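# Examination of the molecular architecture
Here are the chains, one letter per residue:
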Amino acid sequence: MEKTRQFYGSLNNSFDSMAAKMAHSMKSEEKQRLLDSEHPVPTNSVVDMENVAADDDLLGNRNIEHPTSNFDTMVHLLKGNIGTGILAMPDAFRNAGWVIGLFGTLTMGIICTHCMHMLVECSRELCRRTQTPSLSFAEVVEAACRTGPEFLQRKAKVAKFILNIFLFITQMGFCCVYYVFVAVNLQEVVKHYFVDLPVYWYFVFLMVPLVLLNWVKSLKYLTPASLFASIVMSTGLIITFFYMLQGLSPVSTINAFSSWGQLPLYFGTAVYAFEGIGVVLPLESNMRNPQDFGGWNGVLNRGMIVVAVLYTAVGFFGYLKYGDKAVLGSVTLLLPADEILAQSVRLMMAVAILLSYSLQFYVPFNIIWPSIEHHFQDEKTRQYAEYFTRAVISLVGAFSSSALAMIFPPLVEIVTFWPDKMARNDWMLWKNIVIVTIGFLGFLTGSYVSICNILNPGATT
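All figures in this text were calculated on a predicted structure; none of them were measured in a lab.

About the thresholds
Residues numbered from 1 in each chain as written. Predicted model: local features only at pLDDT ≥ 70, side-chain atom pairs only at ≥ 80, totals over all residues. Heavy atoms only, no water. Helix = DSSP H or I, 4+ residues; strand = E, 2+ residues; numbered from the N terminus. Buried < 20%, exposed > 50% of the residue type's maximum accessible area, 1.4 Å probe, protein only. Contact = heavy atoms within 4.5 Å. Areas by Shrake-Rupley, 256 points an atom, 1.4 Å probe, with all protein chains shown as cover. Core = buried A, V, L, I, M, F, W, Y, C linked by side-chain atoms within 4.5 Å. Phe/Tyr/Trp six-rings, centres within 6.5 Å; stacked < 30°, edge-to-face > 60°. Polar contact = N/O pair within 3.5 Å; in protein donor to acceptor, adjacent residues only side chain to side chain. Patch = residues over 30% accessible without salt bridge, like charges linked within 9 Å, V, L, I, M, F, W, Y side chains within 5 Å. Salt bridge = Lys/Arg side-chain N within 4 Å of Asp/Glu carboxyl O.

Turning next to the overall build of the protein. The helix and strand inventory of the protein stands at 18 helices and zero strands. Each of the 461 residues in the protein was classed as buried or not, and the buried ones make up 49%. Summarising the internal contacts of the protein: among those between residues at least 6 apart in sequence, 83% fall at separations of at least 24. Accessible area for the protein stands at about 22,400 Å²; split by element, carbon and sulfur atoms hold 66% of it.

Following this line, the structure appears as structure tokens:
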């Protein structure tokens, strides 16, 4: 009798094992069917989810007309992250206090860089699954949902649409801030030495060079402009440090900690400053050697170390030098107005930001253009339509959101690797939940305080 029970027990275990394997096989087939429906492969090839191509094979098969070198990518990465936000860091430190500002900015840099790595790694994993050489940010979100938990698979299109909305609004927000920054700084310089013109005239004058810059289609051809912009901005920052480091007050003269009400303003400024999440995948996918982008000594880490150190230094020394005067926002407004060297900084920053406009514009255009392109069959007509679209989008803008930098990347990683890796590494799941929570709370509180400041100026300053 005992042997009989053992026999039936063994038989039941075998049936359970076979049922589990069949369920896993059916789930894999369903995943593959969904993948094939969105990312069809050639008829003479079959995608085997258990034996797909290695990452290096896919990276090497990218067909790029004008690939960028590691140096080109580094220049674009620096320019994509170092924009107008760096000039507002002294005000961010004023809102946080120098202790929170110092350690918070470095921590923010680490978190944002980690989110960029998550986005790149998820992109490569999903490229491997879909046998696609490269994916955009929105396509990563869509592919993650299609190959993720069953309840998300039918929502892939919706997720892609939502991501595109956030991405478009954020990047166009940067473009608008750049547009205003250049116009205001040019107005200040011209008013000081020549004539006082209303700022809207500068918007009109800048329209032509901005449209011409946005007609450049390839990141490869944007490298000279980005390189010159980096040199000009570096020179401007060196001169700014020259003024900031003169006659510094003791650290005891500034606040180590600020009020709780001002912390969301610090968070919003700091997240806005690390503004490069939208250009990470376009830069990586356009590289001649994309395998050099990640890793401890990759292009991404080296570039973001420079960015984080610069932000922290400008914020700390700017607050130490000017104290509560940093409320004016841009540190360039605090430089002596009667000195040519100080005025040259405003001009340099205006030129650098102007030349960086097209890099921020690269992302929203690539979101809009695919939905317009198919309406034009003739190649020449399509080309004219592309130039017209670039010109139109150059004049459009809105507000930006911190959700793009700190909420979407960890969510994508959870969906991409659930449950295979997340279930085995609970710390990864909780790490991502913490990052999403920080980003969401910062988004809500920052928006609330900003609205309060609009309705009641000076309430939290």
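From this point, things continue past the structure.
Moving on: the nonpolar core. By size, the foremost hydrophobic cluster in this structure holds 92 residues, and its most contacted members are F137, V140 and F274. It is helix α13 (residues 299-322) that provides the largest number of residues to this core, a total of 12 residues. Once residues lying within four places of it in the same chain are set aside, the contact partners of V140 are L119, C122, S123, L126, L135, L281 and V412.

Before going further, it helps to examine the packing of aromatic side chains. As enumerated under the stated definition, the model contains five aromatic pairs in all. When the centroid spacing of 6.3 Å and the interplanar angle of 80° are considered together, the rings of Y202 and F205 count as edge-to-face. Within this pair, Y202 and its partner F205 are both found in helix α9 (residues 199-214), separated by three residues, close to a single helical turn. Centroid distance F316 to F317: 5.2 Å. Interplanar angle 75°. Geometry classified as edge-to-face. Look at F317 and you get partly exposed, because its relative accessible area is 26%. By the ring-pair criterion, three or more aromatic residues cluster together here, those being W98, F316 and F317.

Mapped onto the secondary structure, K431 falls in helix α18 (residues 426-455). Along the backbone, K431 and P410 are 21 residues apart, and their C-alpha atoms lie at a distance of 8.6 Å. Excluding residues that lie within four positions of it along the chain, K431 makes contacts with H114, M118 and E413. A distance of 3.2 Å separates the side chain of K431 from the side chain of E413, its partner in a polar contact.

Right, let's get into helix α11 (residues 263-273). For α11, the tally of buried residues reaches nine of 11 residues, placing the bulk of the element in the interior. Looking only at α11, the buried set comprises P264, L265, Y266, F267, T269, A270, V271, Y272 and A273.

Here we come to a nonpolar patch on the surface. Taken together, the side chains of V158, F161, I162 and I165 present a nonpolar region at the surface, about 360 Å² in accessible area. Within the fold, V158 resides in helix α8 (residues 156-193). Classification of V158 as partly exposed rests on a relative accessible area of 47%.

Let's shift gears to helix α4 (residues 89-96). With respect to burial, α4 is a largely interior element, eight of its eight residues being buried. For α4, the complete set of buried residues consists of M89, P90, D91, A92, F93, R94, N95 and A96. Close packing links the buried residues of α4 with α5 (98-130), α11 and α13. Downstream of α4 by one or two residues, G97 has phi in the positive range, about 90°.

On to the pattern of salt bridges, then. Summed over all chains, the structure comprises 10 salt bridges. The residue R124 makes a salt bridge to E284 at a minimum N-O spacing of 3.0 Å. In this pair, R124 is assigned in helix α5 and E284 in helix α12 (residues 280-285), connecting sequence segments 160 residues apart. E284 matches R124 in its accessibility class, with the two residues each being buried. Residue R128 pairs with E125 through a salt bridge whose shortest N-O separation is 2.7 Å. Linking R128 with E125, this pair stays in helix α5, spanning three residues, or about one helical turn. Through salt bridges with shared partners, a single ionic network connects E142, R146, K157 and K160.

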